[in-house]
Amino acid sequence: MKLVNLLVKIGINAHFLFSVTPLGRAKKSDVVAPGKWEQLIFNLQEKYKSIPTKTDIVCELHHLRADAKINFIEPDCRLDTKNHVIILPNGEVFPCSLFTSTDKSLGNVKRKSLFEIWTNSPVWDFYAVKNDDPECKNCKLWGLCKGGCRGYSYLFAGSMKKKDPRCEKNRYPVCPSWKLNIKNLSLACATWKVMKR
(Lines give C-alpha, C1' and ligand atoms only; values in the text may rest on other atoms or scores of the structure.)
Protein backbone atom coordinates (compact mmCIF):
# COMPACT_ATOMS: atom_id res chain seq x y z
CA MET A 1 0.00 0.00 0.00
CA LYS A 2 3.06 2.25 -0.13
CA LEU A 3 2.17 3.00 -3.75
CA VAL A 4 -1.29 4.21 -2.73
CA ASN A 5 0.20 6.54 -0.13
CA LEU A 6 2.61 7.95 -2.71
CA LEU A 7 -0.11 8.50 -5.35
CA VAL A 8 -2.31 10.35 -2.88
CA LYS A 9 0.61 12.40 -1.54
CA ILE A 10 1.67 13.67 -4.97
CA GLY A 11 -1.92 14.30 -6.11
CA ILE A 12 -2.29 11.78 -8.93
CA ASN A 13 -5.75 12.05 -10.57
CA ALA A 14 -6.24 8.36 -11.29
CA HIS A 15 -4.75 5.03 -10.36
CA PHE A 16 -5.34 2.26 -12.94
CA LEU A 17 -4.85 -1.36 -11.94
CA PHE A 18 -4.97 -3.91 -14.74
CA SER A 19 -4.46 -7.63 -14.33
CA VAL A 20 -1.87 -9.59 -16.26
CA THR A 21 -3.23 -11.08 -19.49
CA PRO A 22 -1.20 -13.87 -21.13
CA LEU A 23 -0.15 -11.84 -24.16
CA GLY A 24 3.31 -11.10 -25.50
CA ARG A 25 5.89 -12.20 -22.92
CA ALA A 26 3.32 -12.78 -20.15
CA LYS A 27 2.66 -16.43 -19.38
CA LYS A 28 -0.52 -18.17 -18.27
CA SER A 29 1.15 -18.77 -14.90
CA ASP A 30 1.45 -14.98 -14.42
CA VAL A 31 -2.34 -14.52 -14.33
CA VAL A 32 -3.74 -13.78 -10.86
CA ALA A 33 -6.49 -16.13 -9.68
CA PRO A 34 -9.95 -14.50 -9.43
CA GLY A 35 -10.14 -14.92 -5.66
CA LYS A 36 -6.78 -13.23 -5.12
CA TRP A 37 -7.70 -10.40 -7.49
CA GLU A 38 -10.98 -9.87 -5.65
CA GLN A 39 -9.08 -9.70 -2.33
CA LEU A 40 -6.68 -7.12 -3.79
CA ILE A 41 -9.61 -4.95 -4.89
CA PHE A 42 -11.23 -5.30 -1.46
CA ASN A 43 -7.97 -4.30 0.26
CA LEU A 44 -7.68 -1.24 -1.98
CA GLN A 45 -11.27 -0.26 -1.22
CA GLU A 46 -10.57 -0.46 2.51
CA LYS A 47 -7.38 1.56 2.10
CA TYR A 48 -9.09 4.33 0.15
CA LYS A 49 -11.94 4.52 2.68
CA SER A 50 -9.40 5.38 5.35
CA ILE A 51 -7.71 8.30 3.56
CA PRO A 52 -9.06 11.57 2.13
CA THR A 53 -8.31 11.64 -1.60
CA LYS A 54 -9.60 12.88 -4.93
CA THR A 55 -7.82 10.07 -6.78
CA ASP A 56 -9.95 7.73 -8.94
CA ILE A 57 -9.02 4.08 -8.53
CA VAL A 58 -9.99 2.14 -11.63
CA CYS A 59 -9.37 -1.59 -11.95
CA GLU A 60 -10.03 -4.40 -14.34
CA LEU A 61 -12.55 -7.03 -13.33
CA HIS A 62 -11.96 -10.77 -13.52
CA HIS A 63 -15.45 -11.76 -12.52
CA LEU A 64 -18.63 -10.77 -10.76
CA ARG A 65 -20.33 -12.64 -7.96
CA ALA A 66 -23.50 -14.53 -8.82
CA ASP A 67 -25.52 -12.21 -6.61
CA ALA A 68 -24.14 -9.01 -8.19
CA LYS A 69 -26.89 -6.56 -9.09
CA ILE A 70 -25.73 -6.34 -12.70
CA ASN A 71 -27.20 -8.23 -15.61
CA PHE A 72 -25.45 -8.23 -18.97
CA ILE A 73 -28.53 -8.73 -21.13
CA GLU A 74 -27.07 -7.31 -24.33
CA PRO A 75 -23.82 -8.79 -25.64
CA ASP A 76 -20.98 -6.41 -25.14
CA CYS A 77 -18.23 -8.55 -26.62
CA ARG A 78 -16.19 -6.65 -29.16
CA LEU A 79 -16.23 -9.72 -31.38
CA ASP A 80 -20.01 -9.35 -31.67
CA THR A 81 -20.45 -5.58 -31.65
CA LYS A 82 -17.48 -4.96 -34.00
CA ASN A 83 -17.10 -1.52 -32.46
CA HIS A 84 -13.44 -1.69 -31.50
CA VAL A 85 -10.34 -1.88 -33.66
CA ILE A 86 -6.68 -2.41 -32.77
CA ILE A 87 -3.99 -1.72 -35.35
CA LEU A 88 -0.53 -2.88 -34.33
CA PRO A 89 2.61 -0.96 -35.41
CA ASN A 90 3.21 -3.62 -38.09
CA GLY A 91 -0.24 -2.91 -39.60
CA GLU A 92 -2.05 -6.03 -38.37
CA VAL A 93 -5.72 -5.44 -37.46
CA PHE A 94 -7.60 -7.09 -34.58
CA PRO A 95 -11.07 -6.61 -33.05
CA CYS A 96 -9.86 -7.45 -29.51
CA SER A 97 -6.56 -7.08 -27.69
CA LEU A 98 -6.69 -10.68 -26.42
CA PHE A 99 -5.91 -11.92 -29.92
CA THR A 100 -2.98 -9.62 -30.74
CA SER A 101 -0.43 -12.35 -29.92
CA THR A 102 -2.18 -14.84 -32.21
CA ASP A 103 -2.23 -15.35 -35.97
CA LYS A 104 -5.89 -14.25 -36.13
CA SER A 105 -5.34 -10.85 -37.73
CA LEU A 106 -8.22 -9.60 -39.88
CA GLY A 107 -5.67 -8.21 -42.33
CA ASN A 108 -2.92 -5.65 -42.67
CA VAL A 109 -3.49 -1.95 -43.40
CA LYS A 110 -0.18 -1.81 -45.26
CA ARG A 111 -1.69 -4.08 -47.90
CA LYS A 112 -5.43 -3.27 -47.84
CA SER A 113 -7.62 -0.42 -46.64
CA LEU A 114 -9.07 -0.64 -43.15
CA PHE A 115 -12.57 -0.43 -44.63
CA GLU A 116 -11.91 -3.44 -46.87
CA ILE A 117 -10.37 -5.43 -44.02
CA TRP A 118 -13.18 -4.60 -41.59
CA THR A 119 -16.01 -5.37 -43.99
CA ASN A 120 -14.61 -8.29 -45.97
CA SER A 121 -12.06 -10.22 -43.90
CA PRO A 122 -12.73 -13.98 -43.95
CA VAL A 123 -11.20 -14.16 -40.46
CA TRP A 124 -14.49 -12.78 -39.09
CA ASP A 125 -15.75 -16.37 -39.48
CA PHE A 126 -13.21 -17.43 -36.84
CA TYR A 127 -14.36 -14.68 -34.47
CA ALA A 128 -18.03 -15.64 -34.92
CA VAL A 129 -17.51 -18.96 -33.07
CA LYS A 130 -19.55 -19.13 -29.85
CA ASN A 131 -19.19 -21.09 -26.62
CA ASP A 132 -20.87 -24.50 -26.73
CA ASP A 133 -19.27 -26.11 -23.68
CA PRO A 134 -21.83 -28.52 -22.14
CA GLU A 135 -20.59 -27.56 -18.67
CA CYS A 136 -21.63 -23.97 -19.38
CA LYS A 137 -25.03 -24.76 -20.85
CA ASN A 138 -26.03 -26.58 -17.65
CA CYS A 139 -24.82 -23.78 -15.38
CA LYS A 140 -27.32 -21.57 -13.52
CA LEU A 141 -25.21 -18.52 -14.44
CA TRP A 142 -25.32 -19.16 -18.21
CA GLY A 143 -27.84 -16.37 -18.70
CA LEU A 144 -25.40 -13.89 -17.16
CA CYS A 145 -22.04 -14.84 -18.61
CA LYS A 146 -22.69 -16.93 -21.77
CA GLY A 147 -19.47 -18.83 -21.10
CA GLY A 148 -17.32 -15.81 -20.28
CA CYS A 149 -14.66 -14.21 -22.44
CA ARG A 150 -14.00 -16.05 -25.69
CA GLY A 151 -10.53 -14.49 -25.83
CA TYR A 152 -9.55 -16.06 -22.51
CA SER A 153 -11.03 -19.38 -23.64
CA TYR A 154 -8.92 -19.27 -26.79
CA LEU A 155 -5.72 -18.26 -24.97
CA PHE A 156 -6.05 -20.92 -22.26
CA ALA A 157 -8.03 -23.76 -23.85
CA GLY A 158 -7.20 -23.20 -27.53
CA SER A 159 -10.87 -22.89 -28.46
CA MET A 160 -13.55 -20.23 -28.14
CA LYS A 161 -16.08 -23.04 -27.74
CA LYS A 162 -14.70 -23.87 -24.28
CA LYS A 163 -15.65 -22.16 -21.03
CA ASP A 164 -13.65 -19.22 -19.72
CA PRO A 165 -10.93 -20.67 -17.43
CA ARG A 166 -11.59 -17.91 -14.87
CA CYS A 167 -14.97 -19.47 -14.09
CA GLU A 168 -15.41 -20.27 -10.38
CA LYS A 169 -18.32 -21.43 -8.26
CA ASN A 170 -20.76 -18.56 -7.61
CA ARG A 171 -18.66 -16.17 -9.75
CA TYR A 172 -18.85 -15.56 -13.43
CA PRO A 173 -16.03 -14.19 -15.60
CA VAL A 174 -16.43 -10.92 -17.44
CA CYS A 175 -14.69 -9.24 -20.35
CA PRO A 176 -11.40 -7.61 -19.26
CA SER A 177 -12.60 -4.38 -20.86
CA TRP A 178 -15.07 -3.95 -17.96
CA LYS A 179 -13.60 -1.50 -15.46
CA LEU A 180 -14.65 -0.75 -11.90
CA ASN A 181 -14.03 2.51 -10.07
CA ILE A 182 -13.51 1.01 -6.62
CA LYS A 183 -13.91 4.37 -4.94
CA ASN A 184 -17.52 4.97 -6.05
CA LEU A 185 -18.34 1.46 -7.38
CA SER A 186 -19.28 2.64 -10.89
CA LEU A 187 -18.88 -0.01 -13.56
CA ALA A 188 -18.54 0.37 -17.33
CA CYS A 189 -17.03 -1.23 -20.40
CA ALA A 190 -14.58 1.63 -20.87
CA THR A 191 -12.11 3.23 -18.49
CA TRP A 192 -13.22 6.80 -19.21
CA LYS A 193 -16.86 5.97 -18.45
CA VAL A 194 -16.10 5.15 -14.84
CA MET A 195 -14.05 8.29 -14.24
CA LYS A 196 -15.73 11.05 -12.29
CA ARG A 197 -14.38 13.77 -14.60
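Everything here concerns the structure above.
Quick summary incoming for the structure in this document.

**Structural notes on the overall build of the chain**
Alright, step 1. Counting secondary structure elements, the chain contains eight helices and nine strands.
Alright, step 2. For the chain, whose C-alpha radius of gyration is 18 Å, the value lies close to the compact-globule estimate of 16 Å for 197 residues.
Alright, step 3. Within the chain, buried positions represent 42% of all 197 residues.
Alright, step 4. In the chain, once contacts between residues fewer than 6 apart in sequence are set aside, the share between residues at least 24 apart is 61%.
Alright, step 5. In the structure as shown, the chain presents an accessible area of about 11400 Å², 56% of it carried by carbon and sulfur atoms.

**Here we look at the environment of threonine 102**
Alright, step 1. With respect to the helices, strands and loops of the structure, threonine 102 is situated in the loop between strand E5 (92-94) and strand E6 (107-108).
Alright, step 2. C-alpha of threonine 102 to C-alpha of aspartate 80: the two residues are 22 residues apart in sequence and 19 Å apart in space.
Alright, step 3. Among the polar contacts listed, one links the side chain of threonine 102 to the backbone oxygen of phenylalanine 99, at a separation of 2.6 Å.

**Side note on the packing of aromatic side chains**
Alright, step 1. Summed over all chains, the structure comprises nine aromatic pairs.
Alright, step 2. The interplanar angle of 85° and the centroid separation of 5.0 Å between the aromatic rings of tryptophan 118 and tryptophan 124 together place this pair among those described as edge-to-face. Assigned by exposure class, tryptophan 118 and tryptophan 124 land together as buried.
Alright, step 3. Taken together, the ring pairs connect Phe99, Trp118, Trp124, Phe126, Tyr127 and Tyr154 into an aromatic cluster.
Alright, step 4. Sitting over the face of the ring of tryptophan 124, lysine 82 holds its NZ or CZ atom 4.3 Å from the ring centroid.
Alright, step 5. Sitting over the face of the ring of phenylalanine 126, lysine 104 holds its NZ or CZ atom 4.7 Å from the ring centroid.

**Things to note about the pattern of salt bridges**
Alright, step 1. Taken as a whole and assessed by the stated rule, the structure comprises eight salt bridges.
Alright, step 2. Linking lysine 163 and glutamate 135 is a salt bridge whose minimum nitrogen-to-oxygen distance equals 2.9 Å. You can see lysine 163 sitting in the loop between helix H8 (150-157) and strand E7 (171-173) and its partner glutamate 135 sitting in helix H6 (residues 134-137), a full 28 residues away along the chain.

**Remarks on the side chain of serine 105**
Alright, step 1. Checked against the element boundaries, serine 105 lands in the loop between E5 and E6.
Alright, step 2. At 2.5 Å, the side chain of serine 105 forms a polar contact with the side chain of glutamate 92.
Alright, step 3. At a separation of 3.4 Å, a polar atom in the side chain of serine 105 contacts the main-chain carbonyl oxygen of valine 93.
Alright, step 4. Apart from the residues within four sequence positions on either side, serine 105 is in contact with Glu92, Val93, Phe94 and Val123.

**Quick notes on H8**
Alright, step 1. Counted residue by residue, H8 has six buried out of eight residues, so it is predominantly covered.
Alright, step 2. Among the residues of H8, those classed as buried are Arg150, Gly151, Tyr152, Ser153, Tyr154 and Leu155.
Alright, step 3. Buried residues in H8 make contact with helix H3 (78-81) and helix H5 (124-127).
Alright, step 4. Glycine 158, located one to two residues past H8, shows a positive phi value of around 80°.

**With respect to the sheet that holds strand E4 (residues 86-87)**
Alright, step 1. An order of E4-E5-E6 is seen for the three strands of this open sheet, with the pairing classed as antiparallel. In this open sheet, the two edge strands, each paired with only one partner strand, are E4 and E6.
Alright, step 2. Relative to E5, E4 is paired through two bridges, and the arrangement is antiparallel. Among the inter-strand pairings, isoleucine 86 is bridged to a residue of E5, identified as phenylalanine 94.

What counts, and where the lines are drawn
- Residues numbered from 1 in each chain as written.
- Predicted model: local features only at pLDDT ≥ 70, side-chain atom pairs only at ≥ 80, totals over all residues.
- Heavy atoms only, no water.
- Helix = DSSP H or I, 4+ residues; strand = E, 2+ residues; numbered from the N terminus.
- Rg over C-alpha atoms; globule rule 2.2 N^0.38 Å.
- Buried < 20%, exposed > 50% of the residue type's maximum accessible area, 1.4 Å probe, protein only.
- Contact = heavy atoms within 4.5 Å.
- Areas by Shrake-Rupley, 256 points an atom, 1.4 Å probe, with all protein chains shown as cover.
- Polar contact = N/O pair within 3.5 Å; in protein donor to acceptor, adjacent residues only side chain to side chain.
- Phe/Tyr/Trp six-rings, centres within 6.5 Å; stacked < 30°, edge-to-face > 60°.
- Lys NZ or Arg CZ within 6 Å of the ring centre and 35° of its normal.
- Salt bridge = Lys/Arg side-chain N within 4 Å of Asp/Glu carboxyl O.
- Pairing = 2+ DSSP bridges.

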